[in-house]
Amino acid sequence: MENKHYFSNNEDLLSKPIEYQYTIREKTLTFQSDLGVFSKNKLDFGSHVLIQTLLQEDLSGKGLDMGCGVGAIGISILAEHKKVEMDMVDINNRALRLCRSNVVRNGLKANVFLSDGFKNIQETYDFIVSNPPIRQGKEFLFRFYEESKSHLKDGGCLYIVIRKQQGAASSFKKLQEVFGNCTVLEKKSGYWILKSA
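Residue indices begin from 1 for each chain and proceed along its sequence in written order. Confidence filtering applies because this is a predicted model: local features only for residues at pLDDT of at least 70, side-chain atom pairs given and counted only at 80 or more, and all residues used for totals across whole chains, interfaces and linings. Water and hydrogen atoms were dropped before computing side-chain values, which therefore reflect all heavy atoms in the structure.

Tell me about the overall build of the chain, and please be specific about residues and values.
Where helices and strands are cited, they refer to DSSP runs of H or I of at least four residues and of E of at least two residues respectively, numbered from the N terminus. Helix and strand content of the chain: five helices and nine strands. As a reference, a globule follows 2.2 Å times the number of residues to the power 0.38, and the radius of gyration itself is taken over C-alpha atoms. A compact globule built from 197 residues should have a C-alpha radius of gyration of about 16 Å, and the chain, at 15 Å, falls within 12% of that. Expressed as lengths along the three principal axes of its C-alpha atoms, the size of the chain is roughly 45 × 35 × 35 Å. The contact criterion used is simple: two residues touch if any of their non-hydrogen atoms lie within 4.5 Å. Partitioning the intrachain contacts of the chain with sequence separation of at least 6 by distance along the chain shows that 62% fall at a separation of at least 24. Note on areas: Shrake-Rupley with a 1.4 Å probe; residue coverage comes only from the protein chains shown. Looking at the chain as shown, the accessible area adds up to about 9,800 Å², and 46% of this sits on carbon and sulfur atoms. Charged residues are defined narrowly, with Lys and Arg counted positive, Asp and Glu counted negative, and His plus the chain ends left uncounted. Every charge is mapped to an atom, namely NZ of Lys, CZ of Arg, CG of Asp or CD of Glu. Averaging the locations of the 27 positively and 23 negatively charged side chains of the chain gives two centres separated by 4 Å.

This is the structure:
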């Protein structure tokens, strides 16, 4: 399975589990990963930049980790923000199984379930976080921004990471159009962290 297919399912895929660690502040988190999931060997740099940026945000209430993969972003939020509850969703069943076990492995609790985008989601959230699958294309990405707005409570925030060379500027413009605002919270090594509320 090529990396571009991590946002789909392939139940016939071979399994080759690996484990890696990620440290935020004083905490070391442990993640099990496998073939067929995004960034299977280590935490990808974009998610790292997003997590480090979110540590500076005053997150509270209920959040959604859209396209959670093995759970690194949502689990990092839960580890640092004790008053936060998280829903974590993905279309990839293997990623969801790993995510559930990683939540338990790190002594946390989260609601982890299957959803193709927002199809299985009825709730609204205080914040939504995502390292979206850019390779799905601009149409998919822009629809995700529009649907995110309708799944946020009043005053809720969307946080995303996107590479400059993969359309960060056009995403910034689209988020301004959809939300009426967009802030660049961080730029690091070609990755932009965008926030709209």
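Would you mind going over the UniProt feature "domain: Methyltransferase small" (unreviewed entry) in the chain in detail, with residue names and values included?
Here the UniProt feature "domain: Methyltransferase small" (unreviewed entry) sits at residues 29-195. For residues 29-195, the helix share is 34%, the strand share is 31%, and the end-to-end C-alpha distance is 25 Å. UniProt positions are given in the numbering used here, feature names are shortened, and annotations may be inferred rather than shown by experiment.

Tell me about the sheet that holds strand β6 (residues 125-130), residues and numbers included.
Pairing is mixed in the open sheet, where seven strands are placed in the order β5-β4-β3-β6-β7-β9-β8. The sheet terminates laterally at β5 (111-114) and β8 (183-188), the two strands that pair on one side only. Recorded for the sheet is a direction-independent mean angle of 15 degrees between the axes of neighbouring strands. Every axis in this analysis is a line fitted to C-alpha atoms, fitted for helices over the stretch in contact. Angles between the N-to-C directions lie between 0 and 180 degrees. Contacts from helix α2 (residues 72-80) reach β3 (61-66), β4 (84-90) and β6 within the one sheet, and its direction differs from that of β4 by about 175 degrees. A pair of strands is labelled paired if DSSP reports no fewer than 2 bridges between them.

Which residues make up the pattern of salt bridges, and what values do they have?
Whenever Lys or Arg places a side-chain nitrogen within 4 Å of a carboxyl oxygen from Asp or Glu, that contact is recorded as a salt bridge. Overall, the coordinates contain ten salt bridges when judged by the stated rule. A salt bridge links Lys 27 to Glu 80; the shortest N-O distance between them is 3.0 Å. Here the residue Lys 27 occupies a position in strand β2 (residues 27-33), and Glu 80 occupies one in helix α2, the gap between them amounting to 53 residues. In this structure Glu 80 comes out as buried when scored by relative accessible area, which is 17%. As a salt-bridge pair, Asp 87 and Lys 62 come within 3.5 Å of each other at their nearest N and O atoms. Of the two residues, Asp 87 sits in strand β4 while Lys 62 sits in strand β3, which places them 25 residues apart along the sequence. Type-normalised accessible area, obtained with a 1.4 Å probe on protein chains alone, sets the label of each residue: buried when under 20%, exposed when over 50%, and partly exposed for intermediate values.

Requested: an account of the packing of aromatic side chains, with residues and values cited.
Each Phe, Tyr or Trp ring (for Trp, its six-membered ring) is paired with any other whose centre lies within 6.5 Å, and the angle between the two planes then decides the class: stacked below 30 degrees, edge-to-face above 60, tilted in between. In the structure shown here, the tally under the stated rule is five aromatic pairs. A ring pair is formed by Phe 118 and Phe 144, whose centres lie 6.0 Å apart and whose planes are at 20 degrees; its orientation type is stacked. One end of the pair, Phe 118, is in the loop between β5 and β6; the other, Phe 144, is in helix α4 (residues 138-150), and 26 residues separate them in sequence. According to the relative accessible area criterion, Phe 144 is buried, its value standing at 6%. In textbook terms, an aromatic cluster arises when at least three aromatic residues are bridged by ring pairs, as seen for Phe 118, Phe 142, Phe 144 and Tyr 145.

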